[in-house]
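Fold and contact review
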Amino acid sequence: MQVNAISLKIRLILSMVLLSIFSIATVGWFAHAQLIKRFDEGIANDVAMHINKGVSTYIATYGSWEEAEKKESLFHFLEKHPEITHKPHSDEEGLFHLLGSNTLSKEIDDTDHKLSMLSMQFHLFDPQFRSLVDLPPYRRGFTVLDEDRNSLKPILMNGKVVAYFLMAKNIIHSPVDDAYAALIRNSLITGSIVAALMALVVGSLMSLRLVRRLEQLTEAVNAIDTGQMNQFVEHAGNDEIGKLAQAFNRMSERLYLADKHLRESHQQIEEQAKLLKEQSFRDPLTRLYNRRYIDQTGTKTFEHAVRLNQPFSAMIGDIDFFKSINDRFSHAIGDLVLQEVATILLQQTRTTDIVARYGGEEFVILFPEVAISKAAFCCEQIRLAITQHNWQPIHPELQVSISIGLAEHTEENSLSTLIRHADLRLYKAKSNGRNQVVSLD
Ligand SMILES: Nc1nc2c(ncn2[C@@H]2O[C@H](COP(=O)(O)OP(=O)(O)OP(=O)(O)O)[C@@H](O)[C@H]2O)c(=O)[nH]1
């Protein structure tokens, strides 16, 4: 279970890492592309403004493009008048610096060549859309291509188009532009890394909290599995896990109550079964053990003694003239006599002895680990106790005595044989005049 919880943690954190890296990389890439696009648009607008201003001033100075070109090239004109394209409040040196070609411009005299450097920024066309400079892919006099026509920007003088220029597709950055773009890129990378780390930390903390809540549920379920009912888990929040925890708590409570009820029922059933078993082994009148108990438990006790080669004695006693007691004093008095005799038998024996009502007015006592001499002494005590007992409370004229036959296990191989042996001696005791113990053949 722990292994699964750890792997879930790792899986969640890995997902967070991959997700944050992917998201931040996507956002960073998109933001970078947008910023560079805006940045290039800004440069392009700036260049367009300067071209517009430079070319219109050039044409205005000499009246027309053709006249101007006869006097001096556009490039020389602009070089001579850097203030035309100079940015106000800027250290830059006008259009050429802006175009990133100021150094080359001082070294190369050929106008078209120089403009070819500028052509990386723009082409010039007259109002009839013919190229005014010899710059690939346009040779001087070539008409603008249809695909470029919509991108042409007019150069106006007094509201009249005097020329068109076409911005080149590739914008050339100045060192300052490059530095600025690099700064943007670095800022974006740094921001992205910080954002990724924050996403990772926050995501990991959330994942760990999520896993912890799942672990609490798992621990509670395991506890129920080991029998510890009535588990309760914290259910902070009303999200899916919170609702699961609440449902679990309700289920756990119901389970606890059902389990408690089941245990109580089970206990009642056990107690009743025990009572029934006890009753099945008890004589209802005297509460002594009955014959069934002697046959089952008594037999096991006997066999145990035989196996261990221990002495084992058994007596059977029969109340004398019990029929006369019933007949003379009533059956109810007879019952009271049986109960009183049972009490005396219990008083005269040890808890390890097994005292039972064997039949109507017959009683059997088993003496485990007791030799016949000691058992005979006990039986004599019983006989005396019954004879000398004060029976007046039951009936003023009542007299009770008992005859007892006693035998010890020697070669008998069953309890019933031993009891039969004792019964023979009881018969002898009765024959000899009753109220006596016979332990010899
Ligand atoms: N009151 C009462 N009498 C019982 C009960 N069980 C058996 N008896 C009576 O016990 C009497 C036994 O009498 P007998 O077997 O003739 O023997 P006895 O009268 O004791 O004569 P001896 O044994 O020879 O001394 C019968 O009358 C039974 O009805 C009982 O639970 N209650």
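Check the entry above for the structure.
Notes on the structure in this doc start here. Here, residues in each chain are numbered from 1, in the same order as that chain's written sequence. A pLDDT threshold of at least 70 governs which residues receive local features in this predicted model, and a stricter bar of 80 or more applies before side-chain atom pairs are shown or counted, although totals over entire chains, interfaces and linings include all residues. Only heavy atoms go into the side-chain values, all of them from the structure, while hydrogens and water stay out.

Each helix is a run of H or I in the DSSP string that is no shorter than four residues. Each strand is a run of E no shorter than two, and both are numbered from the N terminus. In terms of regular secondary structure, the protein chain is built from 15 helices and 8 strands. Any residue under 20% of the maximum accessible area for its type is buried, any over 50% is exposed, and the rest in between are partly exposed; the area is computed with a 1.4 Å probe on protein chains only. The proportion of buried residues among the 441 residues of the protein chain is 39%. Note on contacts: a residue pair qualifies if any of its non-hydrogen atoms lie within 4.5 Å across the two residues. Contacts in the protein chain between residues at least 24 apart in sequence constitute 60% of all its contacts with a sequence separation of at least 6. The accessible surface values rely on the Shrake-Rupley method and a 1.4 Å probe; as for residues, cover is taken only from the protein chains in view. Counting only carbon and sulfur atoms, one obtains 58% of the accessible surface of the protein chain, whose full area is about 25800 Å².

This part takes up the nonpolar core. Generally speaking, nonpolar side chains in soluble globular proteins are found buried as a group. Judged by nonpolar contacts, the single largest core of 32 residues is most densely connected at Met315, Ile319, Val337, Val341, Phe367, Trp391 and Val400. In this view, Val341 contacts Ile319, Phe363, Ile386, Trp391 and Val400; residues no more than four positions away in its chain are not counted. Each nonpolar core is a collection of buried residues, namely Ala, Val, Leu, Ile, Met, Phe, Trp, Tyr and Cys, held together in the definition by side-chain atoms within 4.5 Å. Counting 26 residues, the second-largest nonpolar core is a separate cluster that includes Ile36, Leu74, Met167 and Ala181.

Let us now look at the side chain of Arg357. Mapped onto the elements, Arg357 comes out in strand S5 (residues 354–357). For the purposes of these results, a polar contact is taken to be a pair of N or O atoms within 3.5 Å, where, inside protein, one atom must be able to donate a hydrogen and its partner to accept one; residues adjacent in sequence count only when each atom of the pair is a side-chain atom. Reaching out from Arg357, the side chain makes a polar contact with the backbone oxygen of Gly360 at a distance of 2.7 Å.

This part takes up the sheet that holds strand S2 (residues 153–157). Strand order in the open sheet formed by 3 strands is S1-S3-S2, with antiparallel pairing between adjacent strands. Edge positions in the sheet fall to strand S1 (122–125) and S2, since each has one partner strand and no second. Averaged over all adjacent pairs, the angle separating strand axes in this sheet is 30 degrees, with direction ignored. Across 5 bridges, the pairing between S2 and strand S3 (residues 160–167) is antiparallel. Directly across from Pro154, in S3, lies its bridge partner Tyr164. Whether two strands pair depends on DSSP finding at least two bridges between them. Angular values range over 0 to 180 degrees, each being the angle between N-to-C directions of two axes fitted as lines to C-alpha atoms, with helices fitted over their stretch in contact.

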